[in-house]
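Results of the structural survey
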Amino acid sequence: MVKICCIGAGYVGGPTMAVIALKCPEIELVVVDISVPRINAWNSDQLPIYEPGLDEVVKECRGRNLFFSTDVEKHVAEADIVFVSVNTPTKTRGLGAGKAADLTYWESAARMIADVSKSSKIVVEKSTVPVKTAEAIEKILTHNNNNNGISFQILSNPEFLAEGTAISDLFNPDRVLIGGRETPEGKKAIETLKDVYAHWVPEDRIICTNLWSAELSKLAANALLAQRISSVNAMSALCEATGADVTQVSHAVGKDTRIGPKFLNASVGFGGSCFQKDILNLVYICECNGLPEVANYWKQVIKLNDYQKTRFVNRIVSSMFNTVSGKKIAVLGFAFKKDTGDARETPAIDVCKGLIGDNAQLSIYDPQVPEDQIEKDLSMDKFDWNHPSHLQPISPSAVKQVRVVWDAYDATKDAHAICILTEWDEFKTLDYQKIYDNMQKPAFVFDGRNIIDVEELRNIGFKVYSIGKPLDDWLKDMPAVA
């Protein structure tokens, strides 16, 4: 029986191994992690991450050919294929701080693999890593291997999952990318991993490349997707200034088959664990390779995203008589997108911090993000979120003005304004008449996801701001920047 071990039981490792276990019953898969609480959660009825369809897959395979363990070294030693799916956060200090990927966890994983291995292995990069990481990992494995009869083949197999649809993405991927050395041993390793995916993925969707192309393809994909979001968000600002409707513009543009309709929804900004981190990484790689013009081009995608969040906060403050001090503001949604409990780099963090900075009283409701996570996110510095929990702040400092509730009607009661920051479906069907009746007047709605019926809410009596839409008469008289 082929044995696969995955180091890292997070958003990538857990779901990916669960689906491989489901589709390849003859392969034994063990997901290992040094975090005891996380592994305990994977072995319980309350999984550590929320992802539609994940529960069913895990429960079908767990205990049969899918296992979760903290005995990292034992299972790595026994595996034929080792996936490495550890964090590669942005460095917070030292050379490349604020841009470069921190490969500390990757390097320690590679050293451990070399130390415990008693047989040859295929080591698969699943984490998003800078170009040429495989070369460094290869050197670490080779120079720390005490058994000359053992060889390691490094493959790059980046994930292209979208949170909220990860399981369906795994069942029916656009493509599976496998990069390896162009040597006989490298090609054999590629074929071995290809055979695993071929259990359910059509062969024409399995793309085999060299190592560097595979590593760069992941960064390029995320950079181009984020660029589309920043592009349409730039248009949303122009739409507000001119009276155009960004939804209509996006629809018209998306009908062009060369462009297509996806990722053209204007919003308060992009979030998630990958886009910003990967673009900053790309910027650093460009700078290191003497390409400042290319680096500056990609930097602008991040700058525009930050501008959009700042613009949203400024619009709220300026619309509400240029102050939100002491005013209750209901925040609906904290996750970076619907159908996930993930709040990493969510635009809600910067929006909430901006409002807290003006002394607003926030009442936050999200159906999936727990209270302790919201409080922790609002107390952390930039990039701290992707480091181990013991390195994160313990005592929340910025949350005295924050209350987390478990009901949208409770969040909005007696509020001066509502901010919609995640496009959860339930926010489209709330009883806004009931909400309006229980709010302070004038009652404001600031829709950062363009999910509400603007005219319907205006007819109820709300003063409505929706990103990239023609402005409410009330807002036209207010400056766009506080």
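Computed from a predicted structure; not experimentally measured.

Rules used throughout
Per chain, residue numbering runs from 1 following the sequence as it is written. Predicted model: local features are reported for residues with pLDDT of at least 70 only, side-chain atom pairs are reported and counted for 80 or more only, and whole-chain, interface and lining totals are derived from all residues. Side-chain metrics rest on all non-hydrogen atoms present in the structure, leaving aside hydrogens and water. The way it works is that DSSP assigns letters per residue, a run of H or I at least four long becomes a helix, a run of E at least two long becomes a strand, and they are numbered from the N terminus. Accessible area is worked out with a 1.4 Å probe on protein chains only. A residue is then buried under 20% of its type maximum, exposed over 50%, and partly exposed in between. The sign given to each residue is positive for Lys and Arg and negative for Asp and Glu; His and the chain ends receive no count. A single reference atom marks each charge: NZ on Lys, CZ on Arg, CG on Asp, CD on Glu. Nonpolar cores were defined as sets of buried Ala, Val, Leu, Ile, Met, Phe, Trp, Tyr and Cys residues, with membership established by side-chain atoms within 4.5 Å. The contact criterion used throughout is that any non-hydrogen atoms of two residues lie within 4.5 Å. All axes are obtained by fitting lines to C-alpha atoms, using only the stretch in contact for helices, and the reported angles, taken between N-to-C directions, cover 0 to 180 degrees. To sort the angles, those under 35 degrees are grouped as roughly parallel, those over 145 as roughly antiparallel, those from 65 to 115 as roughly perpendicular, and the leftovers as oblique. We call a crossing left-handed when the near helix sits turned anticlockwise from the far one by less than a right angle, and right-handed when that turn is clockwise. The residue classification treats Ala, Val, Leu, Ile, Met, Phe, Trp, Tyr, Cys and Pro as nonpolar and Asp, Glu, Lys and Arg as charged. All others, Gly included, are polar. Any carboxyl oxygen of Asp or Glu that lies within 4 Å of a side-chain nitrogen of Lys or Arg is treated as forming a salt bridge with it. Any N or O atom pair separated by 3.5 Å or less is treated as a polar contact, with the protein-specific requirement of one donor-capable and one acceptor-capable atom, and with residues adjacent in sequence counted only for side-chain atom pairs. When two cysteine sulfur atoms lie within 2.5 Å, the pair is treated as a disulfide. A strand pair is defined by DSSP finding two or more bridges across the two strands. Viewed with both strands pointing away, a crossover whose connecting path from the first strand over the helix to the second turns clockwise is right-handed. To estimate how far a helix should extend, the number of its residues minus one is multiplied by 1.5 Å. For this quantity, the arc is that covered by the directions from the helix axis to the C-beta atoms.

**Description of the overall build of the protein chain**
For the protein chain, the count of helices and strands is 18 helices and 14 strands. Here the protein chain holds 482 residues, and 54% of them are scored as buried. Mean positive and mean negative side-chain charge positions of the protein chain (52 and 63 charges, respectively) differ by 3 Å.

**Quick look at the nonpolar core**
Judged by nonpolar contacts, the single largest core of 65 residues is most densely connected at Phe 312, Phe 334, Leu 355, Leu 362, Tyr 432 and Phe 462. With six residues, the single largest contributor to this core is helix α13 (residues 347-357). Apart from residues no more than four positions distant in its own chain, Leu 355 is found in contact with Val 313, Ile 316, Val 317, Val 324, Ile 329, Ala 360, Leu 362 and Cys 419. Listed in part, the 39 residues of the second largest apolar core include Leu 54, Leu 66, Ile 167 and Ile 206.

**Examining the packing of helix α9 (residues 211-242) against helix α12 (residues 292-319)**
Packed helix pairs are characterised by how far apart their axes lie and by the angle those axes make with each other. At a minimum axis separation of 9 Å, α9 and α12 run at an interaxial angle of 45 degrees. The angle between the axes of α9 and α12 places the two elements in the oblique class. Here α9 and α12 pass one another in a crossing that is left-handed. Between α9 and α12, the residues in contact are Ala 223, Leu 224, Ala 226, Gln 227, Ser 230, Asn 233, Ala 234, Ser 236, Ala 237 and Glu 240 and Tyr 297, Trp 298, Val 301, Leu 304, Asn 305, Tyr 307, Gln 308, Arg 311 and Arg 315, respectively. Per-class residue counts for the contact of α9 with α12 are 10 nonpolar, six polar and three charged.

**Considering the side chain of His 75**
By secondary structure assignment, the location of His 75 is in helix α4 (residues 72-78). For His 75, the contacting residues outside a window of four places in its chain are Cys 5, Val 30, Val 32 and Ser 69.

**So, the pattern of salt bridges**
According to the stated counting rule, one finds 25 salt bridges in the structure shown. Across the salt bridge formed by Glu 138 and Arg 181, the nearest N and O atoms sit 2.6 Å from each other. Taken as a pair, Glu 138 in helix α6 (residues 133-143) and Arg 181 in the loop between β7 (176-180) and α8 (184-197) lie far apart in primary sequence, 43 residues in all. With a relative accessible area of 25%, Arg 181 lands in the partly exposed category. With a closest N to O distance of 3.6 Å, Lys 428 and Asp 425 form a salt bridge. By relative accessible area, Lys 428 is classed as partly exposed at 46%. Within the structure, one salt-bridge network assembled from shared partners comprises Lys 3, Glu 28, Lys 74 and Glu 78.

**Here we look at helix α14 (residues 371-379)**
Taken residue by residue, α14 has Ile 374, Asp 377, Leu 378 and Ser 379 as its buried positions. Where α14 is buried, its residues touch α13, β10 (361-365) and β11 (402-404).

**Regarding unusual backbone geometry**
Here the amide bond leading from Lys 441 into Pro 442 is cis, since omega sits at -5 degrees, within 30 degrees of zero. Its location among the elements puts Pro 442 in the loop between α16 (432-437) and β13 (444-447). Residue Asp 339 is not a glycine yet carries a positive backbone phi of 65 degrees. One can find Asp 339 in the loop between β9 (328-332) and α13. Residue class for Asp 339 comes out partly exposed when judged on its relative accessible area of 26%. At Asn 359, a residue that is not glycine, the phi angle is positive and equals roughly 70 degrees.

**Considering the side chain of Thr 88**
With respect to the secondary-structure elements, Thr 88 resides in the loop between β4 (81-84) and α5 (104-116). For Thr 88, a relative accessible area of 3% translates into the label buried. A polar side-chain atom of Thr 88 sits 3.3 Å from a polar atom in the side chain of Lys 277.

**Quick look at the state of the cysteines**
Taken as a whole and judged by the stated rule, the model has zero disulfides. As a non-bridged cysteine, Cys 288 has Cys 286 as the owner of its nearest cysteine sulfur, 9.4 Å distant. Taking the relative accessible area as the measure of exposure, Cys 288 reaches 51% and is therefore exposed.

**Structural notes on the pairing of strand β14 (residues 463-466)**
Examined bridge by bridge, β13 and β14 share four bridges and lie parallel to one another. Note that in β14 the partner of Phe 444 across the bridge is Lys 463. Each parallel crossover has a hand, and the one from β13 via helix α17 (residues 454-460) to β14 is right-handed.

**So, α8**
The terminal C-alpha atoms of α8 lie 20 Å apart, and with 14 residues this matches the ideal 20 Å at 1.5 Å per residue to within 8%. Within the sequence span of α8, burial applies to Gly 186, Ala 189, Ile 190, Leu 193, Lys 194, Val 196 and Tyr 197. The buried residues of α8 occupy one face: seen down the axis, they fall within an arc of 150 degrees. Residues of α8 that are exposed and angled more than 90 degrees away from the buried face: Pro 184, Lys 187 and Lys 188. Elements in contact with the buried residues of α8: α1 (13-23), β4, β5 (121-125), β6 (152-156), β7 and β8 (206-210).

**Some remarks on the environment of Ile 27**
When you line up the elements, Ile 27 lands in the loop between α1 and β2 (28-32). On the basis of relative accessible area, Ile 27 is assigned to the buried category, the value being 3%. When residues no more than four places from it in sequence are discounted, the contact partners of Ile 27 are Met 1, Val 2, Ile 4, Asn 65 and Val 196.

**Overview of the packing of α5 against α6**
One way to put it is that α5 packs onto α6 with a least axis distance of 8 Å and a crossing angle of 35 degrees. With respect to the hand of their crossing, α5 and α6 are arranged in right-handed fashion. Along the contact surface, α5 presents Trp 106, Glu 107, Ala 110, Arg 111, Ile 113 and Ala 114, while α6 presents Ile 137, Ile 140 and Leu 141. Of the residues belonging to the contact of α5 with α6, the class tally is seven nonpolar, no polar and two charged.

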